Amino acid sequence: MARLIALNKPFDVLSQFTDKGTEGTKRATLSDFVKVPAVYPAGRLDRDSEGLLLLTDDGQLQAKISNPKNKMAKTYLAQVEGEISDEAIDHLRRGVELKDGLTRPAKARRVAEPKMLWERTPPVRYRKSVPDSWLELTISEGKNRQVRRMTAHVGFPTLRLIRVAIGPWTIAGLKNGEWRDLDPTDFK
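Quick summary incoming for the structure in this document. All residue numbers refer to position in the chain's written sequence, counted from 1. Under the rules for a predicted model, residues below a pLDDT of 70 receive no local features and side-chain atom pairs below 80 are neither given nor counted, while totals for whole chains, interfaces and linings still include all residues. The side-chain numbers reported here are obtained from all heavy atoms of the structure, hydrogens and water having been left aside.

Here's the deal with the side chain of K143
Inclusion rule: Secondary structure elements are defined from DSSP: runs of H or I of at least 4 residues count as helices, runs of E of at least 2 residues count as strands, and each element is numbered from the N terminus. Burial here depends on accessible area, computed with a 1.4 Å probe over protein chains only, as a share of the maximum for the residue type. Under 20% is buried, over 50% is exposed, and the range in between is partly exposed. For this count, His and the chain ends are skipped, Lys and Arg are scored as positive, and Asp and Glu as negative. Any Lys or Arg side-chain nitrogen found within 4 Å of a carboxyl oxygen on Asp or Glu counts as a salt bridge. The contact criterion used is simple: two residues touch if any of their non-hydrogen atoms lie within 4.5 Å.
Summarising the element assignment, K143 is placed in the loop between β8 (132-139) and α3 (146-153). The buried charged residue K143 lacks any salt bridge, with D100 as its nearest oppositely charged partner at 4.3 Å. Residue contacts for K143: discarding those within four places in its chain leaves R44, D100, G101, L102, T103 and R149.

Pasting the structure below:
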């Protein structure tokens, strides 16, 4: 049977097992957290984003999870600069015109600061004169840096981005940097 792993990926960790970046620069990779042979990420999560990353040893399952044609929902918590407006949320719900095309309509809603948050290293920069707010955003595509570009487009740049769910799988109960095995048959 296929193996499927949920990792709560920390900030500043590459979504790959080796670093082929600048020589002499040690960057954290998945191998610093997951010591399981022959599993690979099903999709990606940017280095400056945190949260759920799925890993599997099954190429077909990996393709099903990561292929945009399957429209698998991905839910994020975004801390944005400023008090997000109802107009901005409505715009996200209709779709946002980015340089690479119109995004699919997103599910978007204002939320309170999540209680499940962990400390981030380094911390998010705060400005006393500019408030921030939190947004829950669910998208069904995976354009490069899509959530960050969407919130910036509507006037509220993302300060912190945490993916909390992909399809039926969540990071509930996982501390930052921890992983657990999942049931791959949960994916229909």
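Observations regarding the pattern of salt bridges
Between side chains of opposite charge, a pair can form as their charged atoms come close. Under the counting rule described, the total for this entry stands at 12 salt bridges. With a closest N to O distance of 2.6 Å, D19 and R27 form a salt bridge. Among the ionic pairs, D46 bridges to R145, the shortest N-O distance being 3.3 Å. In this pair, D46 is assigned in the loop between β2 (40-41) and β3 (50-56) and R145 in the loop between β8 and α3, connecting sequence segments 99 residues apart. For R145, a relative accessible area of 33% translates into the label partly exposed. One continuous salt-bridge network, built from bridges that share partners, spans D46, D48, R145 and R148.

Examining empty space enclosed by the protein
Any empty space left between the atoms is revealed when a probe the size of a water molecule rolls over them. For clarity, the cut-off: Lining residues are defined by having an atom within 4 Å of a point belonging to a cavity or pocket. Those points lie on a 1 Å grid over the protein atoms alone, cavities being sets where a 1.4 Å probe fits but cannot get out and pockets being open sets with protein on both sides within 12 Å along at least five of seven lines. Grid points are joined across faces, edges and corners, and a volume is the space filled by probe spheres set on the points. In this classification, the charged set is Asp, Glu, Lys and Arg, the nonpolar set is Ala, Val, Leu, Ile, Met, Phe, Trp, Tyr, Cys and Pro, and all remaining amino acids, among them Gly, are polar.
Taken as a whole and assessed by the stated rule, the structure comprises 1 cavity of 30 Å³ or more. Quantified by volume, the largest cavity comes out at close to 40 Å³. Every residue along the wall of the largest cavity is listed here: E81, R125, Y126, R127, V130, P131, D132 and L159. Counted by class, the lining of the largest cavity contains 4 nonpolar, no polar and 4 charged residues.

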